[in-house]
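# A closer look at the structure
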Amino acid sequence: MAKRQDTKKLFENLSGAGKSIGVLTSGGDAQGMNAAVRAVVRMGIYVGAKVYFVHEGYQGMVDGGDNIEEASWESVSSMLQVGGTVIGSARCKEFRSHEGRLKAAHHLVQRDITNLCVIGGDGSLTGANLFREEWSGLLEELVQQGLIDEKAAQNNSELHIVGMVGSIDNDFCGTDMTIGTDSALHRIIEVVDAIMTTAQSHQRTFVLEVMGRHCGYLALVSALACGADWVLIPEMPPEDGWEEQMCQKLSENRADKKRLNIIIVAEGAIDSHNKPITTDHIKELVVSCLGFDTRVTILGHVQRGGTPSAFDRILASRMGVEAVLALLEASASTPACVVSLCGNQAVRLPLMECVQMTQDVQKAMDEKNFEEAVRLRGRSFENNLNTYKLLSYRKADSELPNEEDELPYNSSFNVAVLNVGAPAAGMNAAVRSAVRVGITEGHKMFAVNDGFEGFYKGQIKEIKWGDVGGWTGQGGSILGTKRTLPAKHLDKIAEQIRIHNINALLVIGGFEAFLGVMELSAAREKYNEFCVPMVMVPATVSNNIPGSDLSIGADTALNAITDTCDRIKQSASGTKRRVFIIETMGGYCGYLASVGGLAAGADAVYIYEEPFDIRDLQSNVEHLTEKMKTGIQRGLVLRNENSNENFTTDFIYQLYSEEGKGVFDCRKNVLGHMQQGGAPSPFDRNFGTKIAAKAIQWISRKLKESYKEGKVFANTEDTACLLGMRRRAMVFQPVVQLKDQTDFVHRIPKEQWWLKLRPLMKILAKYKTSYDVSDSGQLEHVTRVRPKKVD
């Protein structure tokens, strides 16, 4: 505990007084760059530094003048929801020359800017690093030319650089996600969903080209997220003869009642001889080989446009604050670093190590060493690729194990899948993935309708490969889901397990699913039927499951909240001086309210986990009254539905209306079930697909281990698990061990990681607060060969 106290003091001691920070966006634009700029500006001002916009990227630095302008708190208002970059970006040839960099150095020294925050791709960041290496030499030249004096050179003797990667391609090594990638996926998936409806009507084949330059991430992930028939990416060129294989797969899928085909091509796609594969070539192939009605759609710059997704806003806001902390802590000996996310954890990595590794990927691809290229791309890319391979390979019925075949293990185990709790977007993607991976692993898959209720009523039937086609993009739960718990129906459930000879259970759902698996594992002493491997995958918009940082459905709900808040803020900016009070879902869990508040730029967020009283409400009203005197004349307040039984949404609305009389008026809005519905976001489709595939592989391992003398018997703690995402890894945790981490009365985990994002939200809303930096990223090194097991 002592360590945390020290670090708390440390943040208060991290003063930016007397420092000047320049922030610029460079290279191709990406959604979320504005959120990053806003966070840098506000955090910089918060710690007492001066912050300057450098307009038009490096070009503005070289040209100087009005291009370098001091930023104020209000100047970044309303930027959060805007795509692209408000301060402009340009590709700058001049900065590549020594003369250009000399001019840039002169313009920075004139304003005492010795801290630069660069938001861009690998080229922009490499340029920044070179600039830093030359800095002292450039200052000497400026002194010799009489452009600056010795004193100015001494005062500005060190240049510190921190980078944030803004690129829709996600092609930068060392970062799981770059700013803009998630939003680009949103654009692609919106288009694919729309194209699927027209393709379905006419039984067409569509060939889609997506961006990404030399990186196949966008193509790969969108193929996973929409269940494409075929994907072509530069990192995995198809083997010779792929044309026949592809056409065979397309015609097989058509034969299986599928009315459409989707082929996704990365713009940098190549064959094994490094020859480009174009969309037109694929269209000609399909038409000549199969005679299918085929259309080509090139998505182009649509992918760069539009509002940033909730994920990108949060990522960029977290990184922006992190970047300022890194600049304040930088010294002459620390290397220039990039701030990024690894799993759910903020990290700092030496900029040049990341750039070197990013260049090594290209080198490996040029040398046709594609396995190495995939490995260097990092674990997120590799996981996506492996999941895609798992799901794309369809075994013919003749290859599946036969009833008569005497197989020692794997005499085709029966695995049941069910949804429990409230519906969450992405559940269907998880079921589809589980069914197909299960079939590939040789199991017989059974679908249970309507959760544990359907289970005891016997609503159980076998589910085949073709039955789950087109499920990824569907919201809600196709299997049907209920909140019923199994405890009262154990006899009947045990009987159904006997009748159908179920050997393992996969439960996808919310808090009830967690309780259900607990009840079943507790009943193992009495019922042998429950001595089978069982695993729970968290799927609930509330994100309130112990043992997992994230749950399927929460990202879609966050996007629904931010979209609505954007519209509401827009309506308020027309009327001026208006405060909106918005109620979000989540039960007692404040995740949606807090993280939604961060993504929407809320002024205050009320949640159950952080108790508040009438004095807090009063100070929030005063804070908003002050804000109305500035140029920003609107307010946004979020309240979690169960944050306080007496301070209801109505109460808060009435209090604000009364106290704000004459200064602002109020409106209230209860978002309700729109947070549960809608098509799943790319993140939820992908997360559902990957986590369910991993769960089935675990089930296969446990079945192998517990198959003795002709039957499955599993009654140890580690055969009833919850699979959750914890910081940087996916972890299987026995549900029994999660008991102590759970507040069962309020149905939330006792410790929740996102609470540490709340000070961030308060700082960005101009509240003085204590920010614990013990969780900020430490400088690490890029790992090349990863250990197999993560804690």
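Keep in mind the model is a prediction, meaning the values are calculated, not measured.

To continue, consider the overall build of the chain. In terms of regular secondary structure, the chain is built from 25 helices and 27 strands. Compactness check: the chain gives a C-alpha radius of gyration of 28 Å against a globular reference of 28 Å for 791 residues, within 12% of the reference. Taken along its principal axes, the extent of the C-alpha atoms in the chain is 90 × 70 × 50 Å. Taking all 791 residues of the chain together, 61% fall into the buried category. For the chain, contacts bridging at least 24 residues in sequence account for 79% of all contacts bridging at least 6. Of the accessible surface of the chain, which amounts to about 30,900 Å², a share of 49% is contributed by carbon and sulfur atoms. Across the chain, 88 positive and 97 negative side-chain charges occur, with their mean positions spaced 3 Å apart.

Here helix H2 (residues 33–46) crosses helix H11 (residues 310–329) at 35°, and the two axes come no closer than 7 Å. Crossing handedness for the pair H2 and H11: right-handed. Note on element contacts: H11 touches H2 through Arg 313, Ala 316, Ser 317, Gly 320, Val 321, Val 324 and Leu 325, opposite Ala 35, Ala 36, Ala 39, Val 40, Met 43 and Gly 44. Considered class by class, the residues forming the contact of H2 with H11 number 9 nonpolar, 3 polar and 1 charged.

Okay, the nonpolar core next. Among the nonpolar cores identified, the biggest contains 154 residues, and Met 164, Ile 264, Leu 506 and Tyr 591 are the most heavily contacted of them. A total of 13 residues in this core trace back to one element, the largest contributor, which is H11. Beyond its immediate stretch of four places on either side in the chain, Tyr 591 contacts Ser 542, Asn 543, Leu 550, Ala 554, Leu 558, Gly 596, Trp 753 and Trp 754. Core analysis: the second largest hydrophobic core is formed by 49 residues, Val 62, Ala 104, Cys 173 and Val 355 among them.

Summed over the entire model, instances satisfying the criterion amount to 18 aromatic pairs. The interplanar angle of 10° and the centroid separation of 4.1 Å between the aromatic rings of Tyr 58 and Phe 95 together place this pair among those described as stacked. In this pair, Tyr 58 sits in helix H3 (residues 57–63) while Phe 95 sits in the loop between strand S3 (68–70) and helix H4 (98–110), placing the two residues 37 residues apart along the sequence. You'll find Tyr 58 and Phe 95 in the same group, each marked buried. Measuring from ring centre to ring centre gives 5.3 Å for Phe 413 and Tyr 707, while their planes differ by 80°; the resulting arrangement is edge-to-face. Here Phe 413 is found in the loop between helix H14 (379–392) and strand S12 (414–420), whereas its partner Tyr 707 is found in strand S22 (residues 707–708), with 294 residues between them in sequence. Judged by its relative accessible area of 2%, Phe 413 falls in the buried class.

Before going further, it helps to spend a moment on the sheet that holds strand S6 (residues 205–210). Pairing within the open sheet is parallel, and its 4 strands lie in the order S7-S8-S6-S9. In this open sheet, the two strands that pair with only one neighbour each are strand S7 (230–232) and strand S9 (294–298). This sheet shows a mean twist of 15° between the axes of neighbouring strands, independent of strand direction. Two strands pair when backbone bridges link them, and S6 and S9 are joined in this way by 5 bridges, in the parallel orientation. Looking at S9, one finds that Leu 208 is bridged to Thr 297. Where helix H7 (residues 181–202) meets the sheet, its contacts fall on S6, strand S8 (261–266) and S9, and the angle it forms with S6 comes to roughly 165°.

The subject of this paragraph is helix H17 (residues 490–500). Three or more residues of H17 are buried, namely Leu 490, Ile 493, Ala 494, Gln 496 and Ile 497. Taken end-on, H17 shows its buried residues confined to a sector of 160°, consistent with a single buried face. Residues of H17 that are exposed and point more than 90 degrees away from the buried face comprise Asp 491, Arg 498 and Ile 499.

Here the focus is the pairing of strand S20 (residues 634–640). Along any regular strand the residues' side chains alternate between the sheet's two faces. Of all 7 residues in S20, 7 are buried; the element is thus mostly enclosed. Because side chains alternate across S20, one face comprises the buried residues Arg 634, Leu 636, Leu 638 and Asn 640, and the other comprises Gly 635, Val 637 and Arg 639, equally buried. Where strand S18 (residues 578–584) lies against S20, 7 bridges are found, and the strand directions are parallel. Looking at S20, one finds that Ile 581 is bridged to Val 637. Where strand S19 (residues 604–606) lies against S20, 3 bridges are found, and the strand directions are parallel.

On to the sheet that holds strand S1 (residues 20–25), then. Taken in spatial order, the 7 strands of this open sheet run S3-S2-S1-S4-S5-S10-S11, and their pairing is mixed. Strands at the two margins of the open sheet, each flanked by one partner only, are S3 and strand S11 (345–350). Going from strand to strand, the sheet's axes swing by 25° on average, the running direction of each strand aside. As defined by bridge partners, S1 adjoins strand S2 (residues 50–54) across 4 bridges and the pair is classed as parallel. Following the sheet pairing, Val 23 is matched in S2 by Phe 53.

Residues other than glycine seldom take positive phi values, yet Asn 170 does so here, at roughly 55°. Along the chain, Asn 170 falls in the loop between strand S5 (160–165) and H7. The phi dihedral of Asn 274 is positive, around 65°, even though this residue is not glycine. The exposure class of Asn 274 is partly exposed, given its relative accessible area of 31%.

Between the first and last C-alpha of helix H12 (residues 351–366) there are 23 Å, a value that for 16 residues agrees with the 22 Å anticipated at 1.5 Å per step. What H12 keeps buried is the set Leu 351, Cys 354, Val 355, Met 357, Thr 358, Asp 360, Val 361, Ala 364 and Met 365. Downstream of H12 by one or two residues, Lys 368 has phi in the positive range, about 60°.

At a minimum axis distance of 10 Å, the contact between helix H5 (residues 122–144) and H12 shows a crossing angle of 135°. The angle between H5 and H12 places the two elements in the oblique class. The two elements H5 and H12 meet at a crossing, and its hand is left-handed. Facing H5, whose interface residues are Asp 122, Leu 125, Thr 126 and Asn 129, H12 presents Leu 351, Met 352, Val 355 and Thr 358. Partitioning the contact of H5 with H12 into residue classes produces 4 nonpolar, 3 polar and 1 charged.

Next up on the list: the pairing of strand S25 (residues 729–734). Pairing of strand S24 (residues 720–726) with S25 involves 6 bridges; the strand directions are antiparallel. In the strand pairing of S25, Arg 726 is matched with Ala 729. A loop of 2 residues connects S24 with S25, the two strands running antiparallel in sequence, and Arg 727 in this loop sits at a positive phi of about 50°.

Here the focus is the environment of Asp 112. Here Asp 112 is to be found in the loop between H4 and strand S4 (115–120). Exposure remark for Asp 112: the relative accessible area of 43% places this residue in the partly exposed category. A C-alpha to C-alpha distance of 20 Å links Asp 112 and Val 37, two positions 75 residues apart in sequence.

Attention shifts here to the confidence of the model for the chain. Overall, the prediction assigns the chain a mean pLDDT of 91, with 94% of residues at 70 or greater. Every residue in residues 1–9 is under pLDDT 50, and counting partners more than four places away or in other chains gives 8 contacts. Counting contacts from residues 403–410, a segment whose pLDDT is below 50, to residues more than four positions away or on other chains yields 9 contacts.

Glancing now at the side chain of Asn 449. Position of Asn 449 among the secondary structure elements: in the loop between strand S13 (444–448) and helix H16 (451–457). The class of Asn 449 is buried, set by a relative accessible area of 18%. One polar contact links the side chain of Asn 449 to the main-chain carbonyl oxygen of Leu 479, over a distance of 3.0 Å. If near-sequence neighbours (up to four positions away) are discounted, Asn 449 is found in contact with Gly 454, Phe 455, Gln 459, Lys 461, Leu 479 and Gly 480.

Procedures and definitions
Residue numbers here run from 1 along each chain, matching the order of that chain's written sequence. Per-residue local features of the predicted model are confined to residues with pLDDT of at least 70, and side-chain atom pairs are confined, for both listing and counting, to 80 or more; whole-chain, interface and lining totals are unaffected and use all residues. Excluded from the side-chain calculation are hydrogens and water; included are all heavy atoms of the structure. Helical segments are the DSSP runs of H or I of at least four residues, strand segments are the runs of E of at least two, and each set is numbered from the N terminus. Just to be clear, the radius of gyration here is over C-alpha atoms, and the globule rule we use is 2.2 Å times residues to the power 0.38. Burial here depends on accessible area, computed with a 1.4 Å probe over protein chains only, as a share of the maximum for the residue type. Under 20% is buried, over 50% is exposed, and the range in between is partly exposed. Contacts between residues were defined by any pair of non-hydrogen atoms, one from each residue, lying within 4.5 Å. Per-residue and other accessible areas were derived by the Shrake-Rupley procedure at a 1.4 Å probe size, with only the shown protein chains allowed to occlude residues. For the purpose of charge, His is not counted, nor are the chain termini; Lys and Arg are scored as positive and Asp and Glu as negative. Every charge is mapped onto a representative atom, which is NZ of Lys, CZ of Arg, CG of Asp or CD of Glu. Lines fitted to C-alpha atoms define the axes here, with helix axes fitted over just the stretch in contact, and angles between the N-to-C directions of these axes take values from 0 to 180 degrees. Two helices cross in a left-handed way if the nearer one is turned anticlockwise from the farther one by less than a right angle. They cross in a right-handed way if the turn is clockwise. When residue character is reported, Ala, Val, Leu, Ile, Met, Phe, Trp, Tyr, Cys and Pro are called nonpolar, Asp, Glu, Lys and Arg charged, and the others, Gly included, polar. Side-chain atoms within 4.5 Å link the members of a nonpolar core, which is a set of buried Ala, Val, Leu, Ile, Met, Phe, Trp, Tyr and Cys residues. Each Phe, Tyr or Trp ring, with Trp reduced to its six-membered ring, pairs with another whose centre is within 6.5 Å; inter-plane angles below 30 degrees give stacked pairs, above 60 give edge-to-face pairs, and intermediate values give tilted ones. Only when DSSP finds a minimum of two bridges between them are two strands counted as paired. Summarising the geometry, the arc corresponds to the directions from the helix axis toward the C-beta atoms. Helix span is expected to be 1.5 Å times the residue number reduced by one. Roughly parallel here means an angle under 35 degrees, roughly antiparallel means over 145, roughly perpendicular means 65 to 115, and every remaining angle is called oblique. Confidence of the prediction at every residue is given by pLDDT, a number between 0 and 100. In protein, a polar contact requires one atom able to donate a hydrogen and another able to accept it; more generally it is a pair of N or O atoms within 3.5 Å, and residues adjacent in sequence count only if both atoms are side-chain atoms.

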